[in-house]
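Here's the letter readout for the chains.
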Amino acid sequence: EDQVTQSPEALRLQEGESSSLNCSYTVSGLRGLFWYRQDPGKGPEFLFTLYSAGEEKEKERLKATLTKKESFLHITAPKPEDSATYLCAVQVSGSGGSNYKLTFGKGTLLTVNP
Amino acid sequence: EPEVTQTPSHQVTQMGQEVILRCVPISNHLYFYWYRQILGQKVEFLVSFYNNEISEKSEIFDDQFSVERPDGSNFTLKIRSTKLEDSAMYFCASSESEGRPEAFFGQGTRLTVV
């Protein structure tokens, strides 16, 4: 069974204090790993797609990296507006050419205090 | 920027009643999905839809659920006889193609069964 585990469950940072969120996965074959941001009561907002080990993607203060077993979301000098739940999800290869379902982790609730 | 739109944003229904949740996916997208998120839990896959048919469904998606794309723009989820445990946020998502598999989510419909 495909599993996605995110840690920590919650993280509280001071503004400007950089840190990393972890997503470890166990899947039969990884097609892609996705990071989303979710604000309370809202739908997940797409951030990044990573396909192969060693790949990195950046957007503003966020950088996502991928190894064969895990992904990290690095947050550099965060601001209060970065406060949200960050979700990691995987797509598994071999599940059919017309299905790209996502299997999500529980997320990391990030709070950035001013 | 194109987005997935869902209506209504909140629906309250009596147990045993039928509900239809509506979605307008991004116009050039070919793959459509429904996910749900029970309060405090992870986002869970329900069903994927491509080329006017279901491509995969989860164990949650039993006979009380159905999906339809009645025209070229709408995508609906019907729950025939709602139960208390169906109370959740329901998210519609769409993705463009095999080469662009990232899913874009709507803002969700909060379904409350009383």
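A brief look at the structure comes next. (Residues numbered from 1 in each chain as written. Chains lettered and ligands numbered in written order. Predicted model: local features only at pLDDT ≥ 70, side-chain atom pairs only at ≥ 80, totals over all residues. Heavy atoms only, no water.)

**Here's the deal with the pairing of strand β7 (residues 62-66) of chain A**
Residues and elements named next belong to chain A.
Logical step 1: When you tally the buried positions in β7, you get 4 out of 5 residues, the bulk of the element.
Logical step 2: Hairpin connection, strand β6 (residues 56-59) to β7: the antiparallel pair is bridged by 2 residues, and E60 has positive phi, about 55°.
Logical step 3: Examined bridge by bridge, β7 and strand β8 (residues 70-75) share 5 bridges and lie antiparallel to one another. Directly across from L62, in β8, lies its bridge partner I75.
Logical step 4: Turn length for the β7-β8 hairpin, with the two strands adjacent in sequence and antiparallel, is 3 residues. (Buried < 20%, exposed > 50% of the residue type's maximum accessible area, 1.4 Å probe, protein only. Helix = DSSP H or I, 4+ residues; strand = E, 2+ residues; numbered from the N terminus. Pairing = 2+ DSSP bridges.)

**Remarks on the state of the cysteines**
Logical step 1: This structure, assessed with the given rule, holds 2 disulfides over all chains.
Logical step 2: The residue that forms a disulfide with A:C23 is A:C88, at a sulfur-sulfur distance of 1.9 Å. Disulfide A:C23 to A:C88: torsion about the S-S bond roughly -60°, handedness left-handed. Within this pair, whereas A:C23 is found in strand β3 (residues 19-26), its partner A:C88 is found in strand β9 (residues 84-92), the two being separated by 65 residues in sequence.
Logical step 3: On the accessibility criterion, A:C23 (0% relative accessible area) is buried.
Logical step 4: Since its relative accessible area comes to 0%, A:C88 is described here as buried.
Logical step 5: B:C23 shares a disulfide with B:C92; S-S distance 2.0 Å. Between B:C23 and B:C92 the sulfur-sulfur dihedral comes to about -65°; the bridge is accordingly left-handed. (Disulfide = S-S within 2.5 Å.)

**Describing the side chain of A:R37**
Residue and element names in this part refer to chain A.
Logical step 1: Within the secondary structure layout, R37 lies in strand β4 (residues 30-38).
Logical step 2: Residue R37 is classed as buried on the basis of its relative accessible area, which comes to 16%.
Logical step 3: At a separation of 2.8 Å, a polar atom in the side chain of R37 contacts the main-chain carbonyl oxygen of E81.
Logical step 4: Sequence-distant contacts of R37, defined by excluding residues within four places in its chain, comprise G43, P44, E45, L47, E81, D82, S83, A84, T85 and Y86. (Polar contact = N/O pair within 3.5 Å; in protein donor to acceptor, adjacent residues only side chain to side chain. Contact = heavy atoms within 4.5 Å.)

**Notes on the sheet that holds strand β7 (residues 65-68) of chain B**
Hydrogen bonding along the main chain pairs the strands of a sheet, whether they run parallel or antiparallel.
Residue and element names in this part refer to chain B.
Logical step 1: Strand order in this open sheet of 4 strands is β1-β3-β8-β7, and the pairing throughout is antiparallel. Whereas interior strands pair on both sides, the edge strands pair on one side only; in this sheet they are β1 (5-7) and β7. Put simply, the sheet's adjacent strands are angled 20° from each other on average, direction ignored.
Logical step 2: Sheet topology note: the β7/strand β8 (residues 75-79) ladder contains 4 bridges and is antiparallel. Its bridge partner being in β8, F65 is matched across the sheet by I79. (Axes fitted to C-alpha atoms, helices over the stretch in contact; angles between N-to-C directions.)

**Some details on the interface of chain B and chain A**
Logical step 1: Each partner contributes residues to the interface: chain B has 22 residues there, and chain A has 22 residues.
Logical step 2: Note on chain B versus chain A: buried area summed over both sides is about 1900 Å², and carbon and sulfur give 56% of it.
Logical step 3: When the buried area of chain B at its contact with chain A is split by residue, B:K42, B:P101 and B:F105 rank highest and sum to 26% of it.
Logical step 4: Here chain B and chain A share 1 salt bridge between them.
Logical step 5: Between A:K101 and B:E56 there is a salt bridge, with the nearest N and O atoms lying 2.9 Å from each other.
Logical step 6: Run the count over chain B and chain A and you get 5 residue pairs in polar contact (both at pLDDT 80 or more).
Logical step 7: Counting only elements with at least two residues in the side of chain B that touches chain A, the list comes to β4 (31-37), β5 (44-50), β6 (53-57), β9 (88-95) and β10 (104-105) of chain B.
Logical step 8: Element by element, the count of residues in the side of chain B that touches chain A is highest for β4(B), at 4 residues.
Logical step 9: Looking at the side of chain B that touches chain A residue by residue, the classes come out as 12 nonpolar, 6 polar and 4 charged. (Buried area = accessible area lost by both parts, 1.4 Å probe. Salt bridge = Lys/Arg side-chain N within 4 Å of Asp/Glu carboxyl O. Nonpolar A, V, L, I, M, F, W, Y, C, P; charged D, E, K, R; others polar.)

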